[in-house]
Amino acid sequence: MATKTQEETVETVKQTERMTGAEAVIKCLLAEGVDVLYGYPGGAIMPVYDEFYKYQDKIHHVLTRHEQGATHAAQGYARVSGRVGVAIATSGPGATNLITGIADAQIDSTPMVCITGQVADHLLGTDAFQETDIIGISTPVTKWNYQITKASEIPEVMAKAFYIAKSGRPGPVLIDITKNAQFEEFDFCYEKCTSVRSYKPKTPVVASKLKEAADIINAAKKPFIVFGQGVILGEAEEEFQSFIEKAGIPSAWTILGLSALPTSHPLNVGMVGMHGNYGPNKLTNECDVLIAIGMRFDDRVTGNLNTYAKQAKIVHFEIDPAEVDKNVKTDVAVIGDAKESLAQILPLVNENSHESWLEEFRKFDAIEFEKVIKDNLYPEKEGLTMAEVMKEINKESEANAVIVSDVGQHQMIACRYAEFNQSKSNVTSGGLGTMGFALPAAIGAKMGAPEREVVAIIGDGGYQMTIQELGTILQTKVAVKIVVLNNEFLGMVRQWQQLFFDKRYASTEMVNPDFVTIAKGYHLKANRVTKREDLAASVKEMMQSEEAYFLEVCVEKEDNVFPMIPTGSSVSDIRLS
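Residues numbered from 1 in each chain as written. Predicted model: local features only at pLDDT ≥ 70, side-chain atom pairs only at ≥ 80, totals over all residues. Heavy atoms only, no water.

Some points on helix H22 (residues 491–500)
Right, so step 1: Inspection of H22 places Gly 491, Met 492, Arg 494, Gln 495 and Gln 497 among the buried residues, and these make up the whole buried set.
Right, so step 2: Those residues of H22 that are buried are in contact with helix H18 (409–417).
Right, so step 3: Of the residues trailing H22, Asp 502 is marked for its positive phi of about 50°. (Buried < 20%, exposed > 50% of the residue type's maximum accessible area, 1.4 Å probe, protein only. Helix = DSSP H or I, 4+ residues; strand = E, 2+ residues; numbered from the N terminus. Contact = heavy atoms within 4.5 Å.)

Have a look at this one:
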């Protein structure tokens, strides 16, 4: 053993190199395969930025126009590429401006590493200029965080950060580095992290639980699957499709699960939740077995928990034990990675067909089409609808685009009406519901999948929260397509005010600027559509552009999104009008 240790020490010594902490940060990023990251410089992180200058040919730093934009861009990059997104900022306000994006990444399980500068360690706790306790502030919204005060800590902590961010249920990690640690020299050696004591990102799948789950599924007469982002994060799309096809089970998605299964798949029965499809919501309370895969029973999915699927046996496939029995009591929980769990249960489930049960979903589809969808996609009224914009985008993209949506009515319309042929195609803010998400996230998504068309669908309210990121597009020339559905309202809030507050539209009507002129000020191709006869040609021109393009579509001011489950109601109480 002594000889082996000496050999390892010699190998380590051979790989060491004298450098500053700032350069070590760059070396760590390169070792982790990072080729692009998003950030904004400042005094406390300036030594690291000085090193970026030397490594411009190896790592691309994208200067966003706000630190929040950097986190959302990193999220978009991570969601479409499957890699860890990276954002960097200075201390104080630079660090605190990251918090919204970090919180968004935490609740939506997005792998992200955020690096912040900090005042020198001898100034910590003195209320020095731009000193903020970012470790204390970020603790509730990070998977892990750490403050580095010595340069020698950098390699180990950075390696650990990337491992924790990506492994198991992914999430954001924040590393705060004092300025003295950035200046200090030390003998650098990097070793990737493959394990952390007491951190068990994956639980081995228990064979007996798979058998119990398979027995329940095989005995079911009306089984129903609700799948979430866990299928995508676990890269289990192929295993999932094989599972549902063998068992013949109707499957519905949460908004973050969207695109894990092609929209056109015959067992894809639509979206569950507050603005989901009629059939899957209604039939949740009629199935005899509810199989949840990679989803966490969010309140927007379940509605009133006291009336949610009480007649059904619940089988929950989930990587995070903390999510099991948290909201909905399960009969069988299969803890583990979705890819492994589904692969192992596949031989245990019987080949089956539930055609009469599937027909129940189709009957509800027909009702929803007549009462909701037809008027949205093929309106007889003069004003444009948001859904017919999505219809034209689907036509031009042939269901192959990445759709990045903001938060509000347009988000629900985009999720309901967008069509997808491949996974990792739907990028939106799910759990936190962050207005302003889409524009910077679309920038990151396009950089994460440059070969794909990326279309941002944004409302006029959310657009103005991060509109400054048009400057990032101007500087980087990233060819994103931006569609603002302008109804001159904070539409989702207005809908609630109309339905539940007697049309008291308090502080929801928007007086907007000339969006086209603003876009042209950033040297973007831009157009505005106000008439139906101009819509198809305008969308086609946008989609065929090889450059970034801005399209404003003026839609009906007081259109509502239906179906809708009122807050606190049962999924069975879903309204069509």
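Description of empty space enclosed by the protein
Right, so step 1: Applying the stated rule across the entire model yields two cavities of 30 Å³ or more.
Right, so step 2: Its volume calculated, the largest cavity comes out at about 40 Å³.
Right, so step 3: Lining the largest cavity are Asn 376, Thr 385, Met 386, Ala 387, Ile 413, Asp 559 and Asn 560.
Right, so step 4: Partitioning the lining of the largest cavity into residue classes produces three nonpolar, three polar and one charged.
Right, so step 5: One number sums up the size of the second largest cavity: a volume of about 40 Å³. (1 Å grid on protein atoms, 1.4 Å probe; cavity = no way out; pocket = protein on both sides within 12 Å on 5 of 7 lines; lining within 4 Å. Points joined across faces, edges and corners; volume = space filled by probe spheres on them. Nonpolar A, V, L, I, M, F, W, Y, C, P; charged D, E, K, R; others polar.)

Comments concerning the nonpolar core
Right, so step 1: Residues Phe 224, Leu 290, Ile 293, Ile 403 and Val 553 are the most contacted members of the largest nonpolar core, which totals 97 residues.
Right, so step 2: A total of seven residues in this core trace back to one element, the largest contributor, which is helix H16 (residues 355–377).
Right, so step 3: Excluding anything up to four places from it in sequence, Leu 290 contacts Phe 224, Val 226, Phe 297, Tyr 308, Ala 309, Ala 312, Lys 313, Ile 314 and Val 315.
Right, so step 4: Residues Ala 74, Ile 102, Val 478 and Ala 519 belong to the second largest nonpolar core, which totals 52 residues. (Core = buried A, V, L, I, M, F, W, Y, C linked by side-chain atoms within 4.5 Å.)

Some words on the layout of surface pockets
Right, so step 1: Reported here for the second largest pocket is a volume of approximately 590 Å³.
Right, so step 2: Thr 263, Gly 270, Asn 277, Ile 373 and Arg 416 are, among the 24 residues lining the second largest pocket, the residues nearest its centre.
Right, so step 3: Secondary structure elements with two or more residues in the lining of the second largest pocket: strand E11 (268–271), H16, helix H17 (386–397) and H18.
Right, so step 4: Per-element tally for the lining of the second largest pocket: the top contributor is H16, with eight residues.
Right, so step 5: Grouping the constituent residues of the lining of the second largest pocket by class yields twelve nonpolar, six polar and six charged.

Some thoughts on the packing of aromatic side chains
Right, so step 1: Evaluated as defined, the whole model comprises 15 aromatic pairs.
Right, so step 2: Between the aromatic rings of Phe 188 and Tyr 190, the centroid separation amounts to 6.3 Å while the plane-to-plane angle is 15°, which identifies the pairing as stacked. Of the two residues, Phe 188 and Tyr 190, neither departs from the other in class, the shared state being buried.
Right, so step 3: Chaining the aromatic ring pairs together yields one cluster made of Phe 186, Phe 188 and Tyr 190.
Right, so step 4: The ring of Phe 489 has Arg 494 sitting right over it, with the charged end atom 5.7 Å from the ring centre. (Phe/Tyr/Trp six-rings, centres within 6.5 Å; stacked < 30°, edge-to-face > 60°. Lys NZ or Arg CZ within 6 Å of the ring centre and 35° of its normal.)

Quick look at the sheet that holds strand E14 (residues 332–335)
Right, so step 1: Reading across from one edge, E11-E10-E9-E12-E13-E14 is the order of the six strands in this open sheet, with parallel pairing throughout. Two strands close off the open sheet at either side, each with one partner strand: E11 and E14. The mean angle between the axes of side-by-side strands here comes to 20°, regardless of whether they run parallel or antiparallel.
Right, so step 2: Bridge analysis of strand E12 (residues 289–293) against strand E13 (residues 313–318) gives five bridges, and the strand direction is parallel. What sits directly across from Val 289, in E13, is Lys 313.
Right, so step 3: Contacts from helix H12 (residues 237–247) reach strand E9 (223–227), strand E10 (251–253) and E12, with the element oriented near 165° to E9. (Pairing = 2+ DSSP bridges. Axes fitted to C-alpha atoms, helices over the stretch in contact; angles between N-to-C directions.)

Considerations on the pattern of salt bridges
Opposite charge on two side chains allows them to pair when their charged atoms are near.
Right, so step 1: All chains considered together, the criterion is met by 26 salt bridges.
Right, so step 2: Note that Arg 18 is salt-bridged to Asp 187, the shortest N-O span being 3.4 Å. Of this pair, Arg 18 sits in strand E1 (residues 17–20) while Asp 187 sits in strand E8 (residues 185–188); the two residues are 169 residues apart in sequence, bridging distant segments of the chain.
Right, so step 3: Residue class for Asp 187 comes out partly exposed when judged on its relative accessible area of 47%.
Right, so step 4: Residue Glu 509 is joined to Lys 557 by a salt bridge in which the shortest nitrogen-to-oxygen separation is 3.1 Å. Of this pair, Glu 509 sits in the loop between H22 and helix H23 (515–521) while Lys 557 sits in the segment after strand E20 (549–554), and the two are 48 residues apart along the sequence.
Right, so step 5: Judged by its relative accessible area of 52%, Glu 509 falls in the exposed class.
Right, so step 6: By sharing partners, the salt bridges in this structure join Arg 169, Asp 320, Glu 323 and Lys 326 into a single network. (Salt bridge = Lys/Arg side-chain N within 4 Å of Asp/Glu carboxyl O.)

Topic: the environment of Arg 296
Right, so step 1: With respect to the helices and strands, the residue Arg 296 is situated in the loop between E12 and helix H14 (299–302).
Right, so step 2: Residue class for Arg 296 comes out partly exposed when judged on its relative accessible area of 22%.
Right, so step 3: Taking C-alpha positions, Arg 296 is 5.9 Å from Glu 323, a pair spaced 27 residues apart along the chain.

Describing the packing of helix H4 (residues 67–81) against helix H19 (residues 438–448)
Each pair of packed helices gets described by two things: the angle between the helix axes and the distance between those axes.
Right, so step 1: Contact pair H4 / H19: the axes reach a minimum separation of 6 Å and the direction vectors enclose 40°. Of the possible angle classes, the one that applies to H4 and H19 is oblique. At the point where H4 passes H19, the crossing takes the right-handed sense. Here Gly 69, His 72, Ala 73, Gly 76, Tyr 77, Val 80 and Ser 81 of H4 come into contact with H19, specifically with Pro 440, Ala 441, Gly 444, Ala 445, Met 447 and Gly 448.
Right, so step 2: Taken together, the residues of the contact of H4 with H19 sort by class into seven nonpolar, six polar and no charged. (Parallel < 35°, antiparallel > 145°, perpendicular 65-115°, else oblique. Left-handed = near helix turned anticlockwise from the far one by under 90°.)

That is the geometry; function is a separate question.
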